[in-house]
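The chain contents come next:
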Amino acid sequence: MKRLPMRKIREVFRLKFEHNLSERKIAQSCNISRSTVKDYLARLSVSELTWPLPDSIDEHTLEQQLFPVKPSSGRNKQAQPDWSQIHQELRHPGMTLMRLWQEYKACHPDGYQYSWFSDQYRSWKNQVDVVMRQNHIAGDKLFIDYAGQTMPVVDQYTGEVRQAQIFVATLGASNRK
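Let me begin by describing the structure that accompanies this report. (Residues numbered from 1 in each chain as written. Predicted model: local features only at pLDDT ≥ 70, side-chain atom pairs only at ≥ 80, totals over all residues. Heavy atoms only, no water.)

**Details of the side chain of Ser47**
Turning to its location among the elements, Ser47 is positioned in the loop between helix H3 (34-46) and helix H4 (59-66). The exposure class of Ser47 is buried, given its relative accessible area of 13%. Within the structure, the side chain of Ser47 is placed 2.8 Å from the backbone oxygen of Leu44, a separation counted as a polar contact. Look past the residues within four positions of Ser47 in its chain and what remains in contact with it is Gln65 and Leu66. (Helix = DSSP H or I, 4+ residues; strand = E, 2+ residues; numbered from the N terminus. Buried < 20%, exposed > 50% of the residue type's maximum accessible area, 1.4 Å probe, protein only. Polar contact = N/O pair within 3.5 Å; in protein donor to acceptor, adjacent residues only side chain to side chain. Contact = heavy atoms within 4.5 Å.)

Structure, rendered in structure tokens:
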């Protein structure tokens, strides 16, 4: 929620305590949501302030009273994984996020749990721009990539099993694979 200017918050308090308006009327008058009005009134009730506000209170002090800074939790002291290194490791065949988390926990026993680890990795990964746009003339180039793993192929006449290498190819700008 974006915080309103202190001047507008003071107006919410004034309309409530001097004019005894309902939350709905205050919301309409200030052009804000009713839940925002309710939140600011609740913040005033849990703070050490009362209405009318003292003349000596400035906007900075009012903001500190209504929006106290929460002490940082111990979570920030835990070891943060190197997401770019984890991303690189996941490129290796057979590597999984679970295995990387187990390695992380082995080094940092008090570290984060798997659900947090995987959620944070996915968030990090979604922020990384992996798109590289290339302009191609249709049919001009063939792009080939080695898949890396093999696949068993059985000879129908002899029954011999051989491992086949897999390659993937696509024509640039053809929308065909």
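Still more to cover.
**A closer look at the nonpolar core**
Counting residues in each nonpolar core, the largest one holds 20 residues, and the members touching the most others are Ile9, Val12, Phe13, Val37, Leu53, Leu62 and Leu66. Looking at this core, the elements with two or more residues in it are helix H1 (6-17), helix H2 (23-30), H3 and H4. If we ignore the near neighbours within four places in the chain, the residues touching Val37 are Val12, Glu23, Ile26, Ala27 and Ile32. Core analysis: the second largest hydrophobic core is formed by 10 residues, Tyr104, Tyr112, Phe117 and Tyr121 among them. (Core = buried A, V, L, I, M, F, W, Y, C linked by side-chain atoms within 4.5 Å.)

**Structural notes on the environment of Gln113**
Looking at where Gln113 falls in the secondary structure, it is placed in the loop between helix H6 (97-107) and helix H7 (114-127). A residue is classified by how much of its surface remains accessible, and Gln113, at 47% relative accessible area, is partly exposed. Excluding residues within four positions of it along the chain, Gln113 makes contact with Trp101 and Lys105.

**Some points on the environment of Ala173**
Relative to the helices and strands, Ala173 resides in the segment after strand S2 (161-171). We classify Ala173 as partly exposed; its relative accessible area is 48%. Distance from Ala173 to Ile137, taken between C-alpha atoms, is 6.3 Å for residues 36 residues apart in sequence. Each residue touching Ala173, except ones within four places of it in the same chain, is listed here: His136, Ile137 and Ala138.

**Quick look at H7**
The terminal C-alpha atoms of H7 lie 20 Å apart, and with 14 residues this matches the ideal 20 Å at 1.5 Å per residue to within 8%. Among the residues of H7, those classed as buried are Phe117, Ser118 and Tyr121. In a view along the axis of H7, the buried residues occupy a sector of 90°, so they form one face of it. Facing away from the buried side of H7 by more than 90 degrees, the exposed set consists of Asn126 and Gln127. On its buried face, H7 sits against helix H5 (83-89) and H6. (Expected span 1.5 Å × (residues − 1). Arc of directions from axis to C-beta.)

**Points about the packing of aromatic side chains**
Considering all chains together, one arrives at 11 aromatic pairs under this definition. Ring geometry for Tyr146 and Phe167: centres 5.3 Å apart, planes at 50°, overall tilted. With Tyr146 in strand S1 (residues 142-154) and Phe167 in strand S2, this residue pair connects regions lying 21 residues apart in the sequence. Taking relative accessible area as the criterion, Tyr146 reaches 39% and is therefore assigned partly exposed. Here Phe167 falls in the exposed class, since its relative accessible area comes to 52%. One aromatic cluster is present, formed by Trp83, Tyr104, Tyr112, Trp116, Phe117, Tyr121 and Trp124 through successive ring pairs. (Phe/Tyr/Trp six-rings, centres within 6.5 Å; stacked < 30°, edge-to-face > 60°.)

**Focus: H2**
Helical geometry: 3.6 residues make up each α-helical turn, so side chains three or four residues apart lie on a common side. The set of residues buried in H2 consists of Ile26, Ala27 and Cys30. Down the axis of H2, the buried set is contained in an arc of 100°. They therefore lie on one face. Across from the buried face of H2, at angles greater than 90 degrees, the exposed residues are Arg24 and Gln28. On its buried face, H2 sits against H1 and H3. One or two residues past the end of H2 sits Asn31, with phi positive at roughly 60°.

Note that all results are geometric; they support no functional claim without further evidence.
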